[in-house]
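An overview of the molecular structure
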Amino acid sequence: MNIGSKLKKARIKAGMTQEHVAEQIGVTRQTMSNWENSKCYPDIRSVVALSDLYEISLDELLKEDSQLMEYLEESTDVVKSRQKLSRLILILAYVAIWALVIMTFWLGGRTDAMGFSLVNFYLILPASTIIISIFIGSSDGWSNCKWLMLLFFGLMNMLAPYATFSLANMISLQFSLLRWPDLSGMLPGILCGALGMGIGSLMKTAAKKRRKKTPPYAAE
């Protein structure tokens, strides 16, 4: 029995419609129909989600279907590549914002020190940290790396004033007095990152709960 027949049999046994299953795992009904009719294969995430939803083992779903196993290996590599690209884009976006803040200071922002600090250190950097952290917290692609990002946000937050006001002071004194970054400057970045990740995690949990709160259903 191929994967399509197994999925259809498991769904009917569980007493679910294609619409309900599609909503539960975040795909369209047409996609479900294509899977069950063996027009295409589900990806590895969908297979795991269907296994949990139907309460059927992965081994039972996957065994005796060599073509599916080959497809899943290929799709897993694609998913990993996309996740890496997504992580890289988020990191580069944050670094670009951070670099723009530093550049703004050296291009004239230092003439209004208080205004520069209020706009950049108390608005732009915290807001960008929180927003990007929300994406990190709501994604399954970061795994344990998301907690390393807290250190990254803390480090960048600490280096921002060091690469601007502290460096400007050292240059004015011709580096006669060297100053090192203040480690306490990491705390705001870590807190903003933790807040954003917390919001992202809550959003992901809420989305899962909404998918589960669906009306009674019957098998097709």
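Criteria and cut-off values
- Residues numbered from 1 in each chain as written.
- Predicted model: local features only at pLDDT ≥ 70, side-chain atom pairs only at ≥ 80, totals over all residues.
- Heavy atoms only, no water.
- Helix = DSSP H or I, 4+ residues; strand = E, 2+ residues; numbered from the N terminus.
- Contact = heavy atoms within 4.5 Å.
- 1 Å grid on protein atoms, 1.4 Å probe; cavity = no way out; pocket = protein on both sides within 12 Å on 5 of 7 lines; lining within 4 Å.
- Points joined across faces, edges and corners; volume = space filled by probe spheres on them.
- Nonpolar A, V, L, I, M, F, W, Y, C, P; charged D, E, K, R; others polar.
- Buried < 20%, exposed > 50% of the residue type's maximum accessible area, 1.4 Å probe, protein only.
- Arc of directions from axis to C-beta.
- Axes fitted to C-alpha atoms, helices over the stretch in contact; angles between N-to-C directions.
- Parallel < 35°, antiparallel > 145°, perpendicular 65-115°, else oblique.
- Left-handed = near helix turned anticlockwise from the far one by under 90°.
- pLDDT = per-residue confidence, 0-100.
- Phe/Tyr/Trp six-rings, centres within 6.5 Å; stacked < 30°, edge-to-face > 60°.

Observations regarding the overall build of the chain
The helix and strand tally for the chain stands at nine helices and zero strands. Listing every helix and strand of the chain by position from the N terminus yields α-α-α-α-α-α-α-α-α. Contacts in the chain between residues at least 24 apart in sequence constitute 73% of all its contacts with a sequence separation of at least 6.

Considerations on the layout of surface pockets
Volume-wise, the second largest pocket comes out at about 240 Å³. The wall of the second largest pocket is formed by ten residues, among which K6, K9, A10, I56 and E60 lie closest to the centre. Looking at the lining of the second largest pocket, the element that brings in the most residues is helix α1 (residues 3-14), giving five residues. Split into classes, the residues belonging to the lining of the second largest pocket amount to five nonpolar, no polar and five charged.

Digging into helix α4 (residues 44-54)
Within the sequence span of α4, burial applies to S46, V47, L50, S51, L53 and Y54. Along the axis of α4, the buried positions cluster into a sector of 165 degrees, meaning they face one direction only. Of the residues one or two after α4, E55 is the one with positive phi, at around 55 degrees.

As for the packing of helix α7 (residues 113-137) against helix α8 (residues 145-172)
Across the interface, α7 lies against α8 with an axial gap of 12 Å and an inter-helix angle of 165 degrees. By the criterion of interaxial angle, the relationship of α7 to α8 is roughly antiparallel. Seen from above, α7 lies across α8 with right-handed handedness. Here α7 contributes A113, F116, S117, F121, L125, T129, I132, S133, I136 and G137 to the contact with α8, which in turn contributes K146, M149, F153, A160, P161, T164 and F165. Each residue belonging to the contact of α7 with α8 can be placed in one class, and the counts come to eleven nonpolar, five polar and one charged.

With respect to the confidence of the model for the chain
For the chain, the mean per-residue pLDDT works out to 84, and 87% of the residues sit at or above 70. Model confidence for the chain, summarised as mean pLDDT per element, is weakest for helix α5 (residues 58-62) at 73 and strongest for α7 at 94. For the stretch residues 215-220, pLDDT sits under 50, and the model shows 19 contacts to residues farther than four places along the chain or on other chains.

Brief notes about the packing of aromatic side chains
Going through the model one piece at a time under the given rule, you end up with nine aromatic pairs. Ring geometry for F105 against F165: centres 4.9 Å apart, planes inclined by 70 degrees, an arrangement best described as edge-to-face. Of this pair, F105 sits in helix α6 (residues 66-106) while F165 sits in helix α8, placing them 60 residues apart in sequence. On the accessibility criterion, F105 (1% relative accessible area) is buried. Put simply, the rings of F105, W106, F116, F121 and F165 pair up and form one aromatic cluster.

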